[in-house]
Amino acid sequence: MSDEDKALERKFRGIKGGELRVDSLFEVTGLNIFDDNGKLFFSSASMTPPGGNAIRSYSTRFGVPKKLRVEWRDKIEMVEDPHLKGIPIGAFHGGTVLGDYTVPVASRIPEDLLEARREGAGGLRLKIRIHPDGPLIGWDLSRGFNLQYFAGGDFREADIENGKVLRRGWYIHPKTGQTIETDF
């Protein structure tokens, strides 16, 4: 085991996964998200904003992947042949790759969030929001509906109750670093 893996094993001790939330700020086709081992972590034929999000559970060796490679395409074909150029089953291929980004994840998760998770403060949520200029990564602990703690990362969802925005969301533009507010 590498020194980095040993450090991550200590950092994420007792945490092997959580809830994955994926959404997009624009219409995305053929979305593939691969973990640091090249295994398919998430895929979607298409996503549309603002409500087209996916919620799933996941498990990993550490609490979250070390890094994620996120790609999307202009048109898709589904991989059915396990011998097709090493592309994992369930991944999309074909067409032109329009976005291909690799982003760190595990190194960005704060220690105090992980300690709070171990103490029962809520479930770990890893959030990915697809932006045309690259994926945004976020995280928090959740307890029940709409109660988030230790929210951090490149974006935060708006707090909405009965269709009314109580607190606007925001994201940090991946190229400019500008903070942009949202109603979702």
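All figures in this text were calculated on a predicted structure; none of them were measured in a lab. (Residues numbered from 1 in each chain as written. Predicted model: local features only at pLDDT ≥ 70, side-chain atom pairs only at ≥ 80, totals over all residues. Heavy atoms only, no water.)

### Looking at the pairing of strand β14 (residues 164-167)
Across three bridges, strand β13 (residues 159-161) lies against β14 in antiparallel orientation. Bridged to Glu 161 within β14 is Lys 164. Between β13 and β14, which pair antiparallel one after the other, the connecting turn spans two residues, and Asn 162 there sits at a positive phi close to 55°. (Pairing = 2+ DSSP bridges. Helix = DSSP H or I, 4+ residues; strand = E, 2+ residues; numbered from the N terminus.)

### Some remarks on the sheet that holds strand β5 (residues 67-73)
On the basis of which strands lie adjacent, the open sheet formed by four strands has the order β3-β2-β5-β8 and antiparallel pairing. Each of the sheet's edge strands pairs with one partner strand only, and the pair in question is β3 (40-47) and β8 (97-104). Each strand of the sheet is rotated relative to its neighbour by a mean of 10°, with strand direction disregarded. Bridging between strand β2 (residues 28-34) and β3 involves six bridges; their strand directions are antiparallel. (Axes fitted to C-alpha atoms, helices over the stretch in contact; angles between N-to-C directions.)

### Some remarks on the pattern of salt bridges
In this structure the tally under the stated criterion is 19 salt bridges. Between Glu 71 and Arg 73 there is a salt bridge, and its shortest N-O distance comes to 3.0 Å. Like Arg 73, Glu 71 is buried. In this structure, Arg 125 and Asp 140 form a salt bridge, with 2.7 Å as the shortest nitrogen-oxygen distance. Within this pair, whereas Arg 125 is found in strand β9 (residues 123-131), its partner Asp 140 is found in strand β10 (residues 134-142), the two being separated by 15 residues in sequence. No difference in accessibility class separates Arg 125 from Asp 140, as the two residues are buried. Put simply, Glu 19, Arg 21, Arg 125, Lys 127, Asp 140 and Glu 157 are held in one network by salt bridges that share partners. (Salt bridge = Lys/Arg side-chain N within 4 Å of Asp/Glu carboxyl O. Buried < 20%, exposed > 50% of the residue type's maximum accessible area, 1.4 Å probe, protein only.)

### Let's talk about the packing of aromatic side chains
Summed over all chains, the structure comprises three aromatic pairs. Both rings, one in Phe 26 and one in Trp 72, keep their centres 5.7 Å apart while their planes meet at 65°; by these two values the pair is edge-to-face. Placement of the pair is Phe 26 in the loop between β1 (17-24) and β2 and Trp 72 in strand β5, with a sequence separation of 46 residues. An identical accessibility class is assigned to Phe 26 and Trp 72; each is buried. One aromatic cluster is present, built from ring pairs that chain together Phe 26, Trp 72 and Tyr 101. The ring centre of Phe 155 lies 5.5 Å from the NZ or CZ of Lys 127, which sits over that ring. (Phe/Tyr/Trp six-rings, centres within 6.5 Å; stacked < 30°, edge-to-face > 60°. Lys NZ or Arg CZ within 6 Å of the ring centre and 35° of its normal.)

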